[in-house]
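Listed below are the residues making up each chain.
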Amino acid sequence: MFTPALSRAARGLLDWSQTDLATRAGVSLSTIRDFETGKRTPIANNLAAMQGAIEAAGIQFIPENGGGTGLRFRERSESS
C-alpha cells in the first residue's frame, strides 16, 4: 500500500522535492502536498502515477510481512 509516509520516505531516498515527484508523476503539486499531509487521498490513477514514478527511479516497495511496510533501492547490477 502506498502511504503518505512511504511517499515522503521515497522522496528522501531519491533526494526529490514534492515538485520533483509531481513533475515525474504528471500530477499537480497540490496533489502531492495534500496526500503527504493527509489532507486527501488522490484518485487511483494519480496514486498509481506517483508510485510508478518512484519505482521507475529505482525504489522498491516492500509489502507488510510481519515487520511492517517499507521501501529500499532495487538491487542494481554490477555494471550499473
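See the structure printed just above.
Here we summarise the structure given alongside this text. Everything quoted here is computed from the prediction, not taken from an experiment.

A few words now on the nonpolar core. Judged by nonpolar contacts, the single largest core of 18 residues is most densely connected at Phe2, Leu21, Met50 and Ile54. For this core, the secondary-structure elements that each account for two or more residues are α1 (4-14), α2 (18-25), α3 (29-36), α4 (44-56) and β1 (59-62). Residue contributions to this core peak at four residues, all from α4. Once residues within four sequence positions are removed from consideration, Phe2 is found in contact with Ser7, Phe35, Leu47, Met50, Gln51, Ile54 and Phe61.

With that settled, consider unusual backbone geometry. Positioned with a positive phi, Asp15 is a non-glycine residue whose angle comes to about 60°. Structurally, Asp15 is set in the loop between α1 and α2.

A few words now on the pattern of salt bridges. Tallying each qualifying case throughout the model produces three salt bridges. In this structure, Arg11 engages Glu36 in a salt bridge whose closest nitrogen and oxygen atoms are separated by 2.8 Å. Of the two residues, Arg11 is situated in helix α1 and Glu36 in helix α3; the sequence distance between them amounts to 25 residues. Owing to a relative accessible area of 13%, Arg11 belongs among the buried residues under this scheme. Where Asp20 meets Arg24, a salt bridge forms, and the shortest distance between an N and an O atom there is 3.9 Å. A residue pair is termed a helical-turn pair when its members lie 3 or 4 positions apart in one helix, as Asp20 and Arg24 do in helix α2 at four residues.

Right, let's talk about the packing of aromatic side chains for a bit. Applying the stated criterion to the full structure yields two aromatic pairs. Between Phe2 and Phe35 the ring centres are 5.5 Å apart and the planes differ by 25°, which places this aromatic pair in the stacked class. Separated by 33 residues along the polypeptide, Phe2 in the segment before α1 and Phe35 in helix α3 bring together distant segments of the chain. Judged by its relative accessible area of 4%, Phe35 is buried. Aromatic side chains Phe2 and Phe61 sit 5.5 Å apart centroid to centroid with 90° between the ring planes, which places their arrangement in the edge-to-face category. In this pair, Phe2 sits in the segment before α1 while Phe61 sits in strand β1, placing the two residues 59 residues apart along the sequence. The same class applies to Phe2 as to Phe61, namely buried. One aromatic cluster is present, formed by Phe2, Phe35 and Phe61 through successive ring pairs.

Parameters at a glance
Starting from 1, residues in each chain are numbered consecutively following that chain's sequence as written. pLDDT decides what is reported in this predicted model: residues at 70 or higher carry local features, side-chain atom pairs at 80 or more are listed and counted, and totals for whole chains, interfaces and linings draw on all residues regardless. Hydrogens and water molecules were not included; the side-chain quantities draw on all heavy atoms of the structure. As used here, the term nonpolar core means buried Ala, Val, Leu, Ile, Met, Phe, Trp, Tyr and Cys residues forming a set that is joined through side-chain atoms within 4.5 Å. Whether a residue is buried, partly exposed or exposed follows from its accessible area with a 1.4 Å probe, protein chains only, as a fraction of its type maximum: under 20%, in between, or over 50%, in that order. The helix and strand labels rest on DSSP assignments: H or I over at least four residues marks a helix, E over at least two residues marks a strand, and numbering proceeds from the N terminus. Whether two residues are in contact is decided by their heavy atoms, any of which lying within 4.5 Å being enough. Criterion for a salt bridge: a side-chain nitrogen of Lys or Arg within 4 Å of a carboxyl oxygen of Asp or Glu. A pair of aromatic rings is counted whenever rings of Phe, Tyr or Trp (Trp by its six-membered ring) have centres within 6.5 Å, and the orientation is called stacked for planes under 30 degrees apart, edge-to-face for over 60 and tilted otherwise.

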